[in-house]
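# Geometric and topological summary
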Amino acid sequence: GEPKETTAMRRYTDGFDKYSATGQGLLLWGDTGSGKTYASACIVNALTERGMLCRFLTPQDMEALASREYSAHADLLEDLSHRRLVVIDDFSPVQKSEHTAFLMYSVVNTLYNAKIPIIITTNASLDAFKNPATQNARRICERILEKCFPVEFHGNKRRENLRNTYGIMKNELGL
């Protein structure tokens, strides 16, 4: 059978209209390589195929935008307000700079107020979201926990798949 996480992601996608009505998103947390980013990309692809506008933001996108002028922030927030779903990939409760923390809060707050679902992927523990180190992080994490149902991803499927691929190639190459 299919892993529990995969079934849950499929059910979220199938029931998206219901979740979207209330702005209910997901917090996908767990080890590196456990499939969080892949799962969120699959959801974005499925919803995009159904004609829904989605946006996938990486930490690099956020860093680049945070260092730009305020008008770039306003343009991003305007763009996000027209999306049906936004993914914030590889989120950390501790931001690299004050600028990034401010932009991240603005993004989360804009989506929260507009009832636009967010999917957050993170390597941080659920405890790190429940007990953030700073006041800024607390403001962001409280909003995320209020609107994003936490789903733990287990294991490192990427490493496992790599081992399997190497094993198959080793046999095929006669090594």
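Starting afresh in each chain, residues are numbered from 1 along the sequence in its written order. Restriction of local features to residues with pLDDT of at least 70 applies here, the model being predicted, together with a cutoff of 80 or more for giving and counting side-chain atom pairs; totals for whole chains, interfaces and linings are based on all residues. Each side-chain value is worked out from all heavy atoms of the structure, with water and hydrogens disregarded.

## Some thoughts on the environment of arginine 10
- Mapped onto the elements, arginine 10 comes out in helix α1 (residues 4-14).
- Arginine 10 sits 87 residues away from serine 97 along the chain, and the two C-alpha atoms are 35 Å apart. Strands here are runs of E lasting at least two residues and helices are runs of H or I lasting at least four, both read from the DSSP assignment and numbered beginning at the N terminus.

## Let's talk about the packing of aromatic side chains
- Working definition: a ring pair exists when centres of Phe, Tyr or Trp rings (six-membered ring for Trp) sit within 6.5 Å. Plane angles under 30 degrees give stacked, over 60 give edge-to-face, the rest tilted. Tallied over the full model, the rule gives 3 aromatic pairs.
- Consider the rings of tyrosine 12 and tyrosine 19, whose centres lie 5.0 Å apart with planes at 10°: the pair is stacked.
- Each residue is placed in one exposure class: buried if its accessible area under a 1.4 Å probe, protein chains only, is under 20% of its type's maximum, exposed if it is over 50%, and partly exposed if it falls in between. Classification of tyrosine 12 by relative accessible area gives buried; the value is 4%.
- Owing to a relative accessible area of 26%, tyrosine 19 belongs among the partly exposed residues under this scheme.
- A ring pair is formed by phenylalanine 91 and phenylalanine 129, whose centres lie 5.6 Å apart and whose planes are at 35°; its orientation type is tilted. One end of the pair, phenylalanine 91, is in the loop between β3 (85-88) and α6 (98-113); the other, phenylalanine 129, is in helix α7 (residues 126-130), with 38 residues separating them in the sequence. Here phenylalanine 91 matches phenylalanine 129 in class, with each residue buried.
- One aromatic cluster is present, formed by Tyr12, Phe16 and Tyr19 through successive ring pairs.
- Note that arginine 139 overlies the ring of tyrosine 105, its terminal NZ or CZ placed 4.0 Å from the centroid.
- In this scheme, Lys NZ or Arg CZ marks a charge over a ring once it lies within 6 Å of the ring centre and within 35 degrees of the ring normal. The side chain of arginine 143 reaches across the aromatic face of tyrosine 112, ending 4.2 Å from its centre.

## Considering the nonpolar core
- Nine residue types can take part in a nonpolar core, namely buried Ala, Val, Leu, Ile, Met, Phe, Trp, Tyr and Cys, and a core is a set of them joined through side-chain atoms within 4.5 Å. Among the nonpolar cores identified, the biggest contains 29 residues, and Ile88, Phe91, Val107, Ile120, Phe129 and Ile144 are the most heavily contacted of them.
- If you list the elements that add at least two residues to this core, you get β1 (25-30), α4 (59-66), α5 (70-80), β3, α6, β4 (118-122), α7 and α8 (135-147).
- Top element by residues in this core is α6. It accounts for 6 residues.
- Any two residues having at least one pair of non-hydrogen atoms within 4.5 Å are treated as being in contact. Setting aside residues up to four positions removed in sequence, isoleucine 88 forms contacts with Leu57, Met104, Val107, Val108, Ile118, Ile119, Ile120 and Thr121.
- Listed in part, the 16 residues of the second largest apolar core include Phe16, Leu26, Val44 and Phe153.

## What to know about the sheet that holds β1
- Taking strand neighbours across the sheet as the criterion, the 5 strands line up as β2-β3-β4-β1-β5 in an open arrangement whose pairing is parallel. Each having just a single partner strand, β2 (54-57) and β5 (148-153) make up the two edges of the open sheet. Ignoring strand direction, the axes of neighbouring strands in this sheet form an average angle of 15°.
- Examined bridge by bridge, β3 and β4 share 3 bridges and lie parallel to one another. Looking across to β4, one finds that valine 86 is bridged to isoleucine 118.
- Sheet strands touched by α8: β1, β4 and β5. Its angle to β5, the strand with the most contacts, is close to 85°. What makes two strands pair is DSSP finding at least two bridges between them. Between the N-to-C directions of two axes lies an angle of 0 to 180 degrees, each axis being a line fitted to C-alpha atoms and, for a helix, fitted only over the stretch in contact.

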